[in-house]
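The residues making up each chain are set out below.
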Amino acid sequence: MAAGAASGGAAAGGPGEVGLEEPKKMTREDWRKKKELEEQRKLGNAPAEVDEEGKDINPHIPQYISSVPWYIDPSKRPTLKHQRPQPEKQKQYSSSGDWYKRGVQEHAVATRYRKGACENCGALTHKKKDCMERPRKVGAKYTGMNIAPDEHVQPELMFDYDGKRDRWNGYNPEEHMKIVEEYAKVDLAKRTLKAQKLQEELASGKLEQVERDRNSEDEDEDKYADDIDMPGQNFDSKRRITVRNLRIREDIAKYLRNLDPNSAYYDPKTRAMRENPYANTGKNPDEVGYAGDNFVRYTGDTISMAQTQLFAWEAYDKGSEVHLQADPTKLELLYKSFKVKKEDFKAQQKESILEKYGGQEHLDTPPAELLLAQTEDYVEYSRHGTVIKGQEKAIACSKYEEDVKINNHTCIWGSYWKDGKWGYKCCHSFVKYSYCTGEAGKEIANTEASLLEEQPREEEHVTKPKTLMEIHQEKQKEKKKKKHKKSSNSDSEGEEKKKQEKLKKALNAEEARLLQVKEIMQLDERKRPYNSVYETREPTEEEMEAYRMKRQRPDDPMASFLGQ
């Protein structure tokens, strides 16, 4: 009884304690409803479960993570609070503005020695062994004079990763104002001295000479500072501080010049766009503000500079002591004389070849644009073939007359083709230089074609009688065919007999091989002879046929009747 009462009291507990009774078993219907609700929540058709803090619980989280054990508190709802960082276990770091106090306390200064203070200086915040003041001959404890002020009680600061590495933590920006004020005073003194000097020169009559010398940079180093702000700079004339921006704000970024994703590639790492962003827009590279890095690289004196450098390397290899950086003038003169000599040599070589072989008339031809009617003008077409941008390409014409329609024809000769003959499409006439008959000519041509098609059909019905010679030849041919069939049949029968005999031998050999394999497979692997299952000879057709006939297939419904 006592044990039962004790257990009952433990289960019920006090008024403030939580009962540790096991949860009641769910019925089959409740379990089914619970599973259906979980499936609907996972599919997103039902709202997610909410914990005690009002936050949604992911339905894919397992139950053993979200539910509270019954032996801790069976009345609690599922929650994820225990999965989140606990506030009592989190470290409390100091804020970024906190720092150690500097200096001493100025508001309270002691006039007599206090008990427990430093015996040397009288400060209450440290002891004699920690005192940083010069040791006195007679300490403040005994004299009671010149009591030092108390230092600040330094806080215990604990910073996080960023706070420990903050270079400017504890810096007072007001300290920089002292430097600014000092420079301002120096500047003011310079201005007053300059004004006094101008007054003295004005009084002595030397002002005109001073105005002439004012153009030099040494006379007035800041004469433009008060009036002009250079592009890319923010100049403060009061503080004499120049701040240079990263770029001019009026410039357009390279990747914003053409937003087409198929335009020139922009490399964000090197900030380079080598190709022309306006290449597919029809704009001339000379008219746009930016035509790619390659356009800048291969324009101006860049190409001539590269050619000069190449000439210097080739000349140095051949024995000439020239260098682009060491002696550029000599190299430039040498390169010019080389180009003149090269052009003269080419002209002489050309003249000598023409004198020997001739052919000057073939060189005096018009340009390719006139010969081929082709230019490099940009033309853009739509999907239907119409011109969107530019001028349509001119059609190349021959020396003969084209599209000349004669004798009332609406189409040219050769526009119609039928049965291997050319004609006119407008009247289906095959006679060249004939007069056009229009639709009437088409109808006549169609009726003639239909009549020509009907005539061979009538001829097929009327068969010609065969002569006696033709009948005799046909009979001889039939006799020869019959003799050939008999001989071929006898040969084929003999071949089939030979094949059947070979097949029987192969079947017997296959049965013997299968028995041998079965005996070998029943032996132990260690006692089995080496390479006993394999043969190095290529099998014949009869052996392959026997193998196929004797092979057992597991999917064959008659496999169990093969041995019977």
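See above for the structure.
Residues numbered from 1 in each chain as written. Predicted model: local features only at pLDDT ≥ 70, side-chain atom pairs only at ≥ 80, totals over all residues. Heavy atoms only, no water.

Observations regarding the side chain of D51
So, point 1. Topologically, D51 is positioned in the loop between α2 (28-43) and α3 (63-66).
So, point 2. What makes D51 buried here is its relative accessible area of 2%.
So, point 3. In this structure, D51 is in contact with I57, R77, P78, T79, L80 and R84, ignoring residues within four places of it in sequence. (Helix = DSSP H or I, 4+ residues; strand = E, 2+ residues; numbered from the N terminus. Buried < 20%, exposed > 50% of the residue type's maximum accessible area, 1.4 Å probe, protein only. Contact = heavy atoms within 4.5 Å.)

Details of α2
So, point 1. Its 16 residues place the ends of α2 23 Å apart at the C-alpha level, agreeing with the 22 Å of an ideal helix rising 1.5 Å per residue.
So, point 2. Looking one or two residues past α2, G44 carries a phi angle of roughly 90 degrees, positive in sign. (Expected span 1.5 Å × (residues − 1).)

Side note on the nonpolar core
So, point 1. With 7 residues, the main nonpolar core is built from F311, A312, A315, V322, L324, L331 and Y335.
So, point 2. Only α9 (302-317) and α10 (328-357) provide two or more residues apiece to this core.
So, point 3. Sorting elements by how many residues they give to this core places α9 first, with 3 residues.
So, point 4. One finds C118, C121, A123 and A148 within the second-largest nonpolar core, a separate group that totals 5 residues. (Core = buried A, V, L, I, M, F, W, Y, C linked by side-chain atoms within 4.5 Å.)

What to know about a positive patch on the surface
So, point 1. The grouping of K475, K477, K479, K480, K481, K482 and K483 at the surface amounts to a positive patch.
So, point 2. Locating K477 in the fold gives a position in helix α14 (residues 468-522).
So, point 3. On the basis of relative accessibility, which here comes to 57%, the residue K477 falls in the exposed class. (Patch = residues over 30% accessible without salt bridge, like charges linked within 9 Å, V, L, I, M, F, W, Y side chains within 5 Å. Areas by Shrake-Rupley, 256 points an atom, 1.4 Å probe, with all protein chains shown as cover. Salt bridge = Lys/Arg side-chain N within 4 Å of Asp/Glu carboxyl O. Lys, Arg positive; Asp, Glu negative; His and termini not counted. Charge placed at Lys NZ, Arg CZ, Asp CG, Glu CD.)

Quick notes on the environment of I412
So, point 1. Residue placement: I412 occurs in the loop between β4 (387-389) and β5 (413-418).
So, point 2. Residue I412 is classed as partly exposed on the basis of its relative accessible area of 32%.
So, point 3. Between the C-alpha atoms of I412 and G423, which are 11 residues apart in sequence, the distance is 8.5 Å.
So, point 4. Once residues lying within four places of it in the same chain are set aside, the contact partners of I412 are D403, V404, K405, G423 and Y424.

Considerations on the pairing of strand β6 (residues 421-424)
So, point 1. The sheet contact formed by β5 and β6 spans 4 bridges and is antiparallel. Bridging across to β6, K418 finds its partner in K421. (Pairing = 2+ DSSP bridges.)

Brief notes about the packing of α9 against α10
Helix-helix packing: each pair is described by the crossing angle between the helix axes and the interaxial distance.
So, point 1. For the pair α9 and α10, interaxial distance at closest approach is 10 Å and the crossing angle is 90 degrees. With respect to their mutual orientation, α9 and α10 come out roughly perpendicular. Across the interface between the two elements, Q307, T308, F311 and A312 from α9 touch L331, E332, L334, Y335 and F338 from α10.
So, point 2. The residue makeup of the contact of α9 with α10, split by class, is 6 nonpolar, 2 polar and 1 charged. (Axes fitted to C-alpha atoms, helices over the stretch in contact; angles between N-to-C directions. Parallel < 35°, antiparallel > 145°, perpendicular 65-115°, else oblique. Nonpolar A, V, L, I, M, F, W, Y, C, P; charged D, E, K, R; others polar.)

As for the state of the cysteines
Two cysteines form a disulfide when their sulfur atoms are joined by a covalent bond.
So, point 1. Counted according to the given criterion, the structure contains 0 disulfides.
So, point 2. Cysteine C427 remains unbridged, with the sulfur of C436 as its closest cysteine sulfur at 4.2 Å.
So, point 3. By relative accessible area, C427 is classed as buried at 1%. (Disulfide = S-S within 2.5 Å.)

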